[in-house]
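What follows is the residue order along each chain.
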Amino acid sequence: MKEEINKFLGALHTHCKSVGIEDIYQKVSLYYKEKNNKDIKPSTFQNKINAHRAEHKLNIEEFIYVLLVLQQENTHSVVLQDFLSLFGFRLEYISEINEPCDFDHKSFMEAWMNFNKEHGDVQIALTAALSDYKITTNELNGIKKELAEQIEAMTTLRFALDNVCGKQLV
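Keep in mind the model is a prediction, meaning the values are calculated, not measured.

1. Some details on the overall build of the protein
Helix and strand counts for the protein stand at seven helices and zero strands. Split into buried and exposed, the 170 residues of the protein put 34% on the buried side. When contacts within the protein are restricted to residue pairs at least 6 apart in sequence, those whose partners lie at least 24 apart make up 67%. Accessible area for the protein stands at about 11,200 Å²; split by element, carbon and sulfur atoms hold 56% of it. Computing the positive centroid from 19 side-chain charges and the negative centroid from 25, the protein places the two 8 Å apart.

2. Notes on the side chain of Glu-62
Counting through the fold element by element, Glu-62 comes out in helix H4 (residues 60-72). What makes Glu-62 buried here is its relative accessible area of 1%. Setting aside its immediate chain neighbours within four residues, Glu-62 contacts Tyr-32, Ile-40, Lys-48 and Lys-57.

3. Here's the deal with the pattern of salt bridges
Following the criterion strictly, the structure yields nine salt bridges and no others. The partner of Glu-55 in a salt bridge is Arg-53, and the shortest N-O contact between them spans 2.5 Å. Between Asp-82 and Lys-144 there is a salt bridge; the shortest N-O distance is 2.6 Å. Placement of the pair is Asp-82 in helix H5 (residues 76-85) and Lys-144 in helix H7 (residues 137-164), with a sequence separation of 62 residues. You can call Asp-82 buried: its relative accessible area is 15%. A cluster of three or more residues bridged by salt bridges with shared partners is formed by Lys-117, Glu-118 and Asp-121.

4. Some words on the packing of aromatic side chains
Inspection of the entire model under this criterion finds eight aromatic pairs. Seen from their ring centres, Tyr-25 and Phe-45 are 5.6 Å apart, and the 50° between their planes marks the pair as tilted. Here the residue Tyr-25 occupies a position in helix H2 (residues 21-36), and Phe-45 occupies one in helix H3 (residues 42-49), the gap between them amounting to 20 residues. With respect to class, Tyr-25 is no different from Phe-45; both count as buried. Each member of the aromatic cluster is reached from another via a ring pair, and the members are Phe-8, Phe-63, Phe-83 and Phe-87.

5. Structural notes on unusual backbone geometry
In this structure, Asn-37 takes a positive phi of about 60° despite not being glycine. One non-glycine residue with positive phi stands out, namely Tyr-133, at about 65°. Considering the arrangement of structural elements, one finds Tyr-133 in the loop between helix H6 (105-129) and H7. A relative accessible area of 76% places Tyr-133 in the exposed class.

6. As for the confidence of the model for the protein
Put simply, the protein has an average pLDDT of 87, and 95% of its residues get 70 or more. Predicted confidence in the protein is weakest over H7, with a mean pLDDT of 87, and strongest over H6, with 94.

7. Section: the nonpolar core
In this structure, Ile-24, Val-28, Phe-45 and Val-66 are the most contacted members of the largest nonpolar core, which totals 20 residues. Put simply, the parts of the chain that give this core at least two residues each are helix H1 (2-19), H2, H3 and H4. Top element by residues in this core is H4. It accounts for six residues. Ignoring anything within four residues of it in the chain, the contact list for Val-66 reads Leu-12, Cys-16, Ile-24, Val-28, Phe-45, Ile-49 and Leu-58. Ranked by size, the runner-up nonpolar core spans eight residues in total, among them Ala-111, Phe-115, Leu-157 and Ala-160.

What counts, and at which threshold
- Residues numbered from 1 in each chain as written.
- Predicted model: local features only at pLDDT ≥ 70, side-chain atom pairs only at ≥ 80, totals over all residues.
- Heavy atoms only, no water.
- Helix = DSSP H or I, 4+ residues; strand = E, 2+ residues; numbered from the N terminus.
- Buried < 20%, exposed > 50% of the residue type's maximum accessible area, 1.4 Å probe, protein only.
- Contact = heavy atoms within 4.5 Å.
- Areas by Shrake-Rupley, 256 points an atom, 1.4 Å probe, with all protein chains shown as cover.
- Lys, Arg positive; Asp, Glu negative; His and termini not counted.
- Charge placed at Lys NZ, Arg CZ, Asp CG, Glu CD.
- Salt bridge = Lys/Arg side-chain N within 4 Å of Asp/Glu carboxyl O.
- Phe/Tyr/Trp six-rings, centres within 6.5 Å; stacked < 30°, edge-to-face > 60°.
- pLDDT = per-residue confidence, 0-100.
- Core = buried A, V, L, I, M, F, W, Y, C linked by side-chain atoms within 4.5 Å.

This is the structure:
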């Protein structure tokens, strides 16, 4: 299990680097200061987010703050999926469509076409990554991001299908 945890922490560090650790620090620091009325030092945060540093680790509150910042960038699903996989779970994406709405032919087709577009984006990311017969950590994170977008599009399509069942689409 220790190896899986270290792999997760490494993926978290890589993902945060791709988003920008300094940007994440600035926002996490605001959350932290608001709640605890004190700052996290930038160097301490850098050490905590770095998987290769043994002396500092994120606590659960700081991890949640990081996820909240990544959620603002809409890049949190990759980290959550990796975290849940440690426990044998998967994310289920819940559509952001909270209000009942009537899909017509046009809006249903838009949901279907968006799903197809996102599927294509996954294919493009995979093909590009495999062009040299290996997948780097950055490429893996990009593929996971595209997969998360495809799953969200699939969830919307599923909602649309439930909404149009038994109806004449005009």
